[in-house]
Amino acid sequence: MASKTASRDIITLRGSAAIVSEFFGYAANSILYNRGVYPEESFVKVKKYGLPMLLTQDEGVKSFIANLTAQLSEWLESGKLQRIVLVIMSKSTNEVLERWNFSIETNSEVVETGVSKEKSDKEIMREIQAIMRQIASSITYLPCLDETCVFDVLAYTDKDVAVPFTWIESDPKLIANPQMVKLHSFDTKIHKVNTLVSYKNDEWDEQ
Amino acid sequence: MLIRTPPPKRPRAAAMETGATGSPPPAAGSDRTLVIYEDPLSATPPPAAGSDRTLVIYEDPPSATPPQLDSSSSHQMLCTYQCRQLVKADFLVALSSAEKEARDCQSSLEAMNEKFSKVEAERKKYLDQFLYTEQELAAAKGREQSLQEQLLKDVTDSQERFRKQIESYSKLEVKLQSEMNLRMKAESSAASAEEDVGILKEKLSHLSESTGRGRRCLESEIEQLKGDSKLSATRISAELERMEFRANNAEKESQLLKEQLEDSQKQFKECLHLKGELEKKLSSFTFQEVTPSPTESHILVKHLQEELRNYEAEVREARKLKSSHENIELLKEKLLEEKGRRERAESELSKLQEIQLSMKKLEDELSFWKLVTKDIPGVSCSEDLPVKFAALQREVIDGTMKVGEVNARLKQLEVALDSAQIDKQKAEAEAALAKEKAEVLKSEVKQIQTMLTMVTDERDNLRNIVNELKKSNSGEAGNQEASGTGTLIQGLESCIEKKECYIKELETSLSVQKEANNCQYEEVKLLNERLNNEAKRIKSLERENDRLRSEISLLESKLGHGDFSAANTKVLRMVNTLAVDNEAKQTIEALRTELQKTKERLQAVEELKSQSGDSGKLVDSYISGKITQLKEQIATLEKREERYKTVFADRISVFRRACCEIFGYKIVMDDQQRPNGIPVTRFTLQSIYAQSDDEKLEFEYESGNTNILANSYSSQREISQQVEIYIRKLNSIPAFTANLTVESFNRRTLS
């Protein structure tokens, strides 16, 4: 067993924001692949977090996610981001079928004073890896999405945040009486990300 | 006890022989002692072997008794036999008594032996007890040492704590004293500030009184001013009415003049027409050269000349009418201005009171500040007052802040002092407890020491007893034993007493230990109660923990559901979603196609335009659209111009009014032209203190030069003198006008 006195890496606010936004990018891609929102052939395999991760090659989705992660990184650096929610909706009825909730707890001391924290990068990677595995294994209990779906990303921010040009205020797109499954979380000592998936009760299950 | 073996008995016959030959037997009843002795030196041969040892009575060899007394020897032999028999009897008696004594001694010896054994047992017992007490003593010593060490430690700890407490207390006392001093200082400064505030209040009251007086004076002045303003208002209204009448008259005149002008214009036109005809006629007359009579021609010419003159006069009249018409128009404008002025004056009358109030306030403030500047030390002018007030306010604020800070610090110190006192009390209690403990331990130590001494004494006594016993056993049994047993009994009794005392002391120490145990038991009870309380608290905390966990789970469920607080959070979504992107692209493409189509149409139109004129219609329509746009722009611009004109008119009227009120002259500006065509601006000034309308000054302004014009008013003696002095000599029109204003004001006030 590895010694617990592993080396600790210095993590700054910017670095932590980059880690979290990158994680979200890969998680979104993984969710889109696993839930079949986009066809499998539009994804390519890359190595990340010690796992084979799938990234979309659709230019539109790529640019969308890239712009999104850039904005999230900015909000994370300012400590204004509370939650990111990836919503999967039916294309025909616009009904919300799944909500992938990534709630973020920010260390306000770091944001105010700019101090850095120490944590092993390997430890963080291990935690993220666990979450990615859980996302991949979520197909075992999540209901099948038989219809064509689209996705959207909601950002829960502080009230005083200036709304960027390409963003608008929106409703939270809630699910009525959802089923919830709490997944693992990871912590960079500056940002703690808790993952939770809530989904609409499947009719078969209700029966 | 060693029993010496009796000497071997000599045979009695030998003894008798020796005795017969020897000395005469002792007389009965003699004082000679019977000694049983074995003479080792006697030559008498020992009895035959195997003979029994017999008691030989030896008598002292006679001392040189003559051997002569053979006759008496038989007598002597009888005597000696009797004596011997007596002696024998005595001896037997003595022997029996001795045997009795020996038996008694033996019994006593046995008794003594028994006693000795008992004493030995007791000695052993006491030895064991002694050893036990020695062990206890050693243990007690060890305990005493440990207790002493503990006590020393406790005492040193308590002393150190006490010292520290005393040091902290002394420091706190020093701090308290310093804080008290600060507080005193702050209180004194606050008192001085309060005194200053009281003084200022008194001054304020004085000032208020003086301001009241000033206000009354000002009110009276204001009443006067009101009267003056009313008078001026009535005058203005009268003037306005006059002006209205004049304006009405002027209007009527203008209307009449207009009619006249129209008539004259008609006449003028007729005249011109006639003139033209006449000229034609004249020219025709000159062509024909018909010879009418010269007098007729002269008459005609004269007539025509007269007509010409008439017409010229009429033309002049028409021109005059025209100029008068222009004057009328000017008068109309003036009338309008006067109307406006009247309206403004009426409005200003309503504002007069407000202005008066503001005047009052300003004057009150002025007088107040003037008085204040006089009364307040360190202030020379009104500008220093705000600075002084700011400084005073800052001082008061600083003082109050300091007082607040000092109070806060005092409270903190009081709290610290209370805590220090509590700590001190605790320390004192602990010290007292420690002292008590020390005293208890000391008493225990003393007890143990006394016990030790007692035990050592006991031990010594026991040793002495043992030694005495030993001595008594080594010596004769009788008397010494009796005395020894007595001392032994006494010693034993004393030991018993000491033991009893020791037992009592042990009992007391036991009771003390019991009390200590009770105290500890009570402490244990208290601790148990505390434990129970802590357990209850822990249970309540666990319940709260469970409740919080349930709340957390509920909140997590809410979080999972997506609920949020609208006061702190807002939900944002990217507009440039993929669907919108597509829509935007589609719209962009549609717009591009439309643009291309419009471009093609435009090209086609241009081609058509170049080819035929029908395209002019398109251009005309385009131009008409442009024209309508331009017309609209023009309308807006005209409206804007009118608005600017009205605003300018308002502003210029405000400026004129302000100038009038500030400088005391109503100024009327006219733009005129000199006969040589140079434009000139004429200003007519009328003082507000003028007593008649004729009192007007006229100035002419041309390219930076202002000249006074002569008129009826300026040609008056007084005015002309002033003109000479101020304008001609001193070249100062403002001084002239100011002087005139003051003189008019004085004249007015005096009147």
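Residues numbered from 1 in each chain as written. Chains lettered and ligands numbered in written order. Predicted model: local features only at pLDDT ≥ 70, side-chain atom pairs only at ≥ 80, totals over all residues. Heavy atoms only, no water.

> For this particular structure, what's the right way to read the overall build of chain B?
Check the secondary structure of chain B and you find nine helices and five strands. What you see in chain B, going N to C, is helices and strands ordered as α-α-α-α-α-β-α-α-β-β-β-β-α-α. Going through the 751 residues of chain B one by one, you find that 19% of them count as buried. Carbon together with sulfur atoms contributes 56% to the accessible area of chain B, which is approximately 54,900 Å² in total. (Helix = DSSP H or I, 4+ residues; strand = E, 2+ residues; numbered from the N terminus. Buried < 20%, exposed > 50% of the residue type's maximum accessible area, 1.4 Å probe, protein only. Areas by Shrake-Rupley, 256 points an atom, 1.4 Å probe, with all protein chains shown as cover.)

> Explain the packing of aromatic side chains to me, please; I cannot follow it from the model alone.
Between two aromatic rings, the relevant description is the distance of the centres plus the angle of the planes. Residues and elements named next belong to chain A. Here the structure, examined in full by the defined rule, presents ten aromatic pairs over all chains. Both rings, one in Tyr26 and one in Tyr49, keep their centres 5.7 Å apart while their planes meet at 75 degrees; by these two values the pair is edge-to-face. Taken together, the positions of Tyr26 in helix H1 (residues 13-34) and Tyr49 in the loop between strand E2 (43-48) and strand E3 (51-56) put the pair 23 residues apart, joining distant regions of the chain. Accessibility classification places Tyr26 together with Tyr49 in one group, the buried group. Between the aromatic rings of Tyr33 and Phe43, the centroid separation amounts to 5.3 Å while the plane-to-plane angle is 70 degrees, which identifies the pairing as edge-to-face. In this pair, Tyr33 is assigned in helix H1 and Phe43 in strand E2, connecting sequence segments ten residues apart. Given the relative accessible area of 25%, Tyr33 is considered partly exposed. Over the face of the ring belonging to Tyr49 we find Lys48, whose NZ or CZ atom lies 5.5 Å from the ring centre. Lying across the ring of Tyr156, Arg83 places its NZ or CZ 4.4 Å from the centre. (Phe/Tyr/Trp six-rings, centres within 6.5 Å; stacked < 30°, edge-to-face > 60°. Lys NZ or Arg CZ within 6 Å of the ring centre and 35° of its normal.)

> I keep staring at the pairing of strand E4 (residues 81-90) of chain A and nothing clicks. Help me out?
For a regular strand, side chains alternate in direction, first toward one face of the sheet and then toward the other. Residue and element names in this part refer to chain A. Extensive coverage of E4 is indicated by the burial of nine of its ten residues. Sheet analysis places E4 next to strand E5 (residues 96-106), joined by seven bridges and oriented antiparallel. Each residue of the ladder has a partner; that of Val87, found in E5, is Arg99. Between the antiparallel neighbours E4 and E5 lie five residues, among them Asn94 with a positive phi of about 60 degrees. (Pairing = 2+ DSSP bridges.)

> Help me understand the interface of chain A and chain B in this model?
Reports of interface size often rely on the accessible area that becomes lost once the parts have come together. If you look at the interface, chain A gives 40 residues, while chain B gives 21 residues. Both sides of the chain A and chain B interface together cover about 2,600 Å² of buried area, and 61% of this is carbon and sulfur. Among the residues chain A hides against chain B, the three largest losses belong to Phe64, Lys159 and Ile168 of chain A. Together they make up 20% of the total. Applying the counting criterion to the chain A and chain B interface returns one salt bridge. The salt bridge partner of Arg573 of chain B is Asp152 of chain A, with a shortest N-O separation of 3.2 Å. Elements supplying a minimum of two residues to the side of chain A that touches chain B: helix H2 (59-78), E4, E5, strand E7 (149-158), strand E8 (167-169), strand E9 (179-187) and strand E10 (191-199) of chain A. Grouping the constituent residues of the side of chain A that touches chain B by class yields 21 nonpolar, ten polar and nine charged. Relative to strand E1 (residues 569-574) of chain B, E7 of chain A runs antiparallel, the two being bridged by five bridges. (Contact = heavy atoms within 4.5 Å. Buried area = accessible area lost by both parts, 1.4 Å probe. Salt bridge = Lys/Arg side-chain N within 4 Å of Asp/Glu carboxyl O. Nonpolar A, V, L, I, M, F, W, Y, C, P; charged D, E, K, R; others polar.)

> What exactly am I supposed to notice about the confidence of the model for chain B here?
Detailed conclusions should not be drawn from predicted coordinates in areas where pLDDT is low. Residue and element names in this part refer to chain B. Of the residues in chain B, 80% have a pLDDT of 70 or more, and the chain-wide mean is 75. Here helix H1 (residues 12-21) stands out as the element of chain B with the lowest mean pLDDT, 45, in contrast to helix H8 (residues 717-729), whose mean of 91 is the highest. Residue range residues 1-6 is modelled with pLDDT below 50. Its contacts to residues more than four positions away, or to other chains, number two contacts. Below pLDDT 50 for its whole length, residues 58-69 participates in twelve contacts with residues either more than four positions away or in separate chains. What the predictor reports for the complex is a pTM of 0.34 with an ipTM of 0.88. (pLDDT = per-residue confidence, 0-100.)

> Please clarify how the side chain of Gln129 of chain A should be interpreted in this entry.
Residue and element names in this part refer to chain A. Mapped onto the secondary structure, Gln129 falls in helix H4 (residues 121-137). The class of Gln129 is buried, set by a relative accessible area of 19%. Apart from the residues lying within four places of it in its own chain, the contact partners of Gln129 are Tyr49, Gly50 and Leu51.

> What is the right way to look at the sheet that holds strand E5 (residues 705-709) of chain B in this model?
As a general point, the strands of a sheet are linked pairwise by backbone hydrogen bonds and lie either parallel or antiparallel. Residues and elements named next belong to chain B. The four strands are arranged E2-E3-E4-E5 in an open sheet whose pairing can be described as antiparallel. In this open sheet, the two edge strands, each paired with only one partner strand, are strand E2 (665-673) and E5. Between one strand axis and the next, the sheet turns through 25 degrees on average, direction left out of account. Judged from the nine bridges that link them, E2 and strand E3 (residues 679-687) form a sheet pairing that is antiparallel. Following the sheet pairing, Tyr665 is matched in E3 by Ser687. The strands touched by helix H9 (residues 733-750) are E2, E3, strand E4 (696-702) and E5; relative to E4, the strand with the most contacts, the crossing angle is about 165 degrees. (Axes fitted to C-alpha atoms, helices over the stretch in contact; angles between N-to-C directions.)

> Mind showing me how you'd approach H1 of chain A here?
Note that an α-helix has 3.6 residues per turn; residues three or four places apart therefore point the same way. All names here are of chain A. With 22 residues, H1 ought to run about 32 Å at 1.5 Å a step, and its terminal C-alpha atoms sit 31 Å apart, in line with that. Burial runs high along H1: 16 of the 22 residues are buried. A positive phi of about 70 degrees marks Gly36, the residue just after H1. (Expected span 1.5 Å × (residues − 1).)

> Is there a simple way to think about unusual backbone geometry in this case?
Most peptide bonds take the trans form, and the phi angle of most residues other than glycine is negative. With a phi close to 55 degrees, Lys173 of chain A is a non-glycine residue in the positive phi region. Turning to its location among the elements, Lys173 of chain A is positioned in the loop between E8 and E9. The backbone of Asn731 of chain B sits at a positive phi, close to 55 degrees, despite the residue not being glycine. Looking at the element boundaries, Asn731 of chain B is found in the loop between H8 and H9.

> I tried to follow the pattern of salt bridges on my own but got confused; where do I start?
Charged atoms that come close allow side chains of opposite charge to pair. Residue and element names in this part refer to chain A. Taken as a whole and judged by the stated rule, the model has 18 salt bridges over all chains. Residue Arg35 is joined to Glu98 by a salt bridge in which the shortest nitrogen-to-oxygen separation is 2.4 Å. Here Glu98 lies in strand E5 and Arg35 lies in the loop between H1 and E2, a separation of 63 residues in the sequence. With respect to burial, Arg35 and Glu98 carry one shared label: buried.

> What's the story with the side chain of Ser170 of chain A in this structure? I'm lost.
Note that Ser170 of chain A resides in the loop between E8 and E9. For Ser170 of chain A, a relative accessible area of 17% gives the class buried. At 3.5 Å, the side chain of Ser170 of chain A forms a polar contact with the side chain of Asp171 of chain A. When neighbours within four sequence positions are excluded, Ser170 of chain A is seen to be in contact with Leu154 of chain A together with Val571 and Arg573 of chain B. (Polar contact = N/O pair within 3.5 Å; in protein donor to acceptor, adjacent residues only side chain to side chain.)

> Help me understand H2 of chain A in this model?
Residue and element names in this part refer to chain A. Over its 20 residues, H2 runs 29 Å from end to end, which matches the ideal 28 Å to within 8%, given 1.5 Å per residue. Of all the residues in H2, the buried ones are Val61, Phe64, Ile65, Leu68, Thr69, Gln71, Leu72, Ser73, Trp75 and Leu76. Two to three positions downstream of the cap, the backbone nitrogen of Gly60 sits 3.0 Å from a side-chain oxygen, assigning the N-cap of H2 to Asp58. Immediately downstream of H2, the backbone of Gly79 shows phi near 75 degrees, a positive value.

> What should I look at first to understand the packing of H1 of chain A against H4 of chain A in this one?
Helix-helix packing is described using two parameters, namely the angle between the two axes and the distance between the axes. All names here are of chain A. As a packed pair, H1 and H4 sit with axes 10 Å apart at the nearest point and diverge in direction by 20 degrees. Judged by the angle between their axes, H1 and H4 are roughly parallel. Of the two possible hands of crossing, H1 and H4 adopt the one that is right-handed. In this structure, H1 uses Ile19, Phe23, Tyr26, Ala27, Ser30, Ile31 and Asn34 to contact H4, whose residues at the interface are Ile124, Ile128, Ile131, Met132, Ile135 and Ala136. (Parallel < 35°, antiparallel > 145°, perpendicular 65-115°, else oblique. Left-handed = near helix turned anticlockwise from the far one by under 90°.)

> It is not clear to me how the packing of H1 of chain A against H2 of chain A should be interpreted in this structure. Could you clarify?
All names here are of chain A. Contact pair H1 / H2: the axes reach a minimum separation of 9 Å and the direction vectors enclose 150 degrees. The pairing of H1 with H2 is recorded here as roughly antiparallel in orientation. Remark: the crossing between H1 and H2 carries right-handed chirality. On the side of H1, the interface is formed by Leu13, Arg14, Ala17, Ala18, Val20, Ser21, Phe24, Gly25, Ala28, Asn29 and Leu32, while H2 contributes Val61, Ile65, Leu68, Thr69, Leu72, Ser73, Leu76 and Glu77. Here the residues of the contact of H1 with H2 are counted per class, giving twelve nonpolar, five polar and two charged.

> What am I meant to see in the sheet that holds E10 of chain A here?
With antiparallel pairing, seven strands are arranged side by side in an open sheet as E8(A)-E1(B)-E7(A)-E4(A)-E5(A)-E10(A)-E9(A). The open sheet terminates on both sides in strands that have one partner only, identified here as E8 and E9 of chain A. Here the strands of the sheet are splayed against their neighbours by 25 degrees on average, with no regard to which way each runs. Packed on one face of the sheet, H2 of chain A meets E4, E5, E7, E8 and E10 of chain A together with E1 of chain B and runs near 15 degrees to E7 of chain A. Along the sheet, H4 of chain A makes contact with E5, E9 and E10 of chain A, crossing E9 of chain A at roughly 160 degrees.

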